[in-house]
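# A closer look at the structure
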Amino acid sequence: MIIGVYSSKGGVGKTTLAVNLAWASAVISKRSTLLWDLDAQGAASYIVGQEPLGAAVRKRIVGNDDLTSLISQTAFERLDVLGADRSLRHLDRDFHELGKPRRLAKVAEALGATYDRVIIDCPPGLTDTSDQLLRASDLIVVPVIPAPLSRRALDAIIEYMGRKEQTKVVLAPVFSMVDRRRLAHRRELEEHPAWPVIPMASAYERVSQECAPVGALLPSSSAAVQAVADLWRRLENALGGAK
């Protein structure tokens with residue numbers, strides 16, 4: 001099953017969330033998991049200890065070539081990573097010129113034959129790459145800061161999906177970087193009480209500082225780890241517990 005972590009807006013905690021969900025899949029659910037970094041910045045790759053790959057990824061994706069030789073093990077059991085490189089900055093142009101809207105889906109399906117879960121850290125924006133992602137994923141996690149601009153970004157994704165034919169992906173909004181001391185945040189949570197919540201916490205900042213998922217930094221009983229675990233269980237339920 002393919003899970004994309006995506007927002008049309010940057011700065012919403014997307015990469016941190018992708019890394020933590022991949023960890024939860026591998027450690028909590030004990031599933032063979034691939035963290036696929038599609039963001040040219042390579043932040044997810046960096047967090048799990050993957051050095052830049054050079055310029056091989058983009059060409060192989062566009063050519064529908066085998067990517068398995070580019071996959072590396074991480075320090076975490078059952079969690080591998082397909083790292084990013086700067087050539088991915090041009091992937092959107094390639095997809096536009098290629099004219100094959102399911103190219104990413106075919107590549108993802110090939111990777112999914114080896115793993116129980118593939119978690120994709122997606123680049124932000126509403127582009128040809130995001131269109132490919134919507135066709136490739138079974139579920140899209142959208143981190144949303146409880147603020148107008150972030151909510152507007154979610155609305156743009158929903159509207160964008162509504163204009164795309166043959167797009168049946170499940171959309172899963174998640175409140176991110178929540179500060180319950182702020183009135184605006186509390187109001188957003190009251191408006192959407194069913195959405196999962198990832199709180200604002202220094203623990204999540206440590207993920208990028210110490211290059212490890214929050215579950216590897218803190219006890220399982222900590223609030224930060226529990227929030228990730230709860231979100232992951234809800235996503236697994238949304239996928240129907242599929243193998």
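Cut-off values and rules
Residues numbered from 1 in each chain as written. Predicted model: local features only at pLDDT ≥ 70, side-chain atom pairs only at ≥ 80, totals over all residues. Heavy atoms only, no water. Axes fitted to C-alpha atoms, helices over the stretch in contact; angles between N-to-C directions. Helix = DSSP H or I, 4+ residues; strand = E, 2+ residues; numbered from the N terminus. Parallel < 35°, antiparallel > 145°, perpendicular 65-115°, else oblique. Left-handed = near helix turned anticlockwise from the far one by under 90°. Contact = heavy atoms within 4.5 Å. Nonpolar A, V, L, I, M, F, W, Y, C, P; charged D, E, K, R; others polar. pLDDT = per-residue confidence, 0-100. Pairing = 2+ DSSP bridges.

What follows deals with the packing of helix α5 (residues 103–112) against helix α6 (residues 128–136). α6 packs onto α5 with a crossing angle of 45° between their chain directions and a minimal axis gap of 7 Å. Here α6 runs oblique to α5, going by the angle between their axes. In this structure, α5 crosses over α6, and the sense of that crossing is right-handed. Judged by residue contacts, R103, L104, A105 and A108 of α5 engage Q132, L133, R135 and A136 from α6. Partitioned by chemical class, the residues of the contact of α5 with α6 number five nonpolar, one polar and two charged.

Chain-level statistics for the protein give a pLDDT mean of 88 and a share of 95% at 70 or above. The secondary structure element of the protein with the lowest average pLDDT is helix α7 (residues 148–162), at 82, and the one with the highest is strand β2 (residues 33–37), at 96.

The next subject is the sheet that holds strand β5 (residues 117–121). Strand order in the open sheet formed by eight strands is β3-β4-β2-β5-β1-β6-β7-β8, and the pairing between neighbours is mixed. With one partner strand each, in any of the chains shown, β3 (71–73) and β8 (197–199) form the two edges of the open sheet. Taking each pair of neighbouring strands and ignoring which way they run, the sheet shows an average axis angle of 25°. Relative to strand β6 (residues 139–144), strand β1 (residues 2–5) is paired through three bridges, and the arrangement is parallel. Bridge pairing links V5 to V141 in β6.

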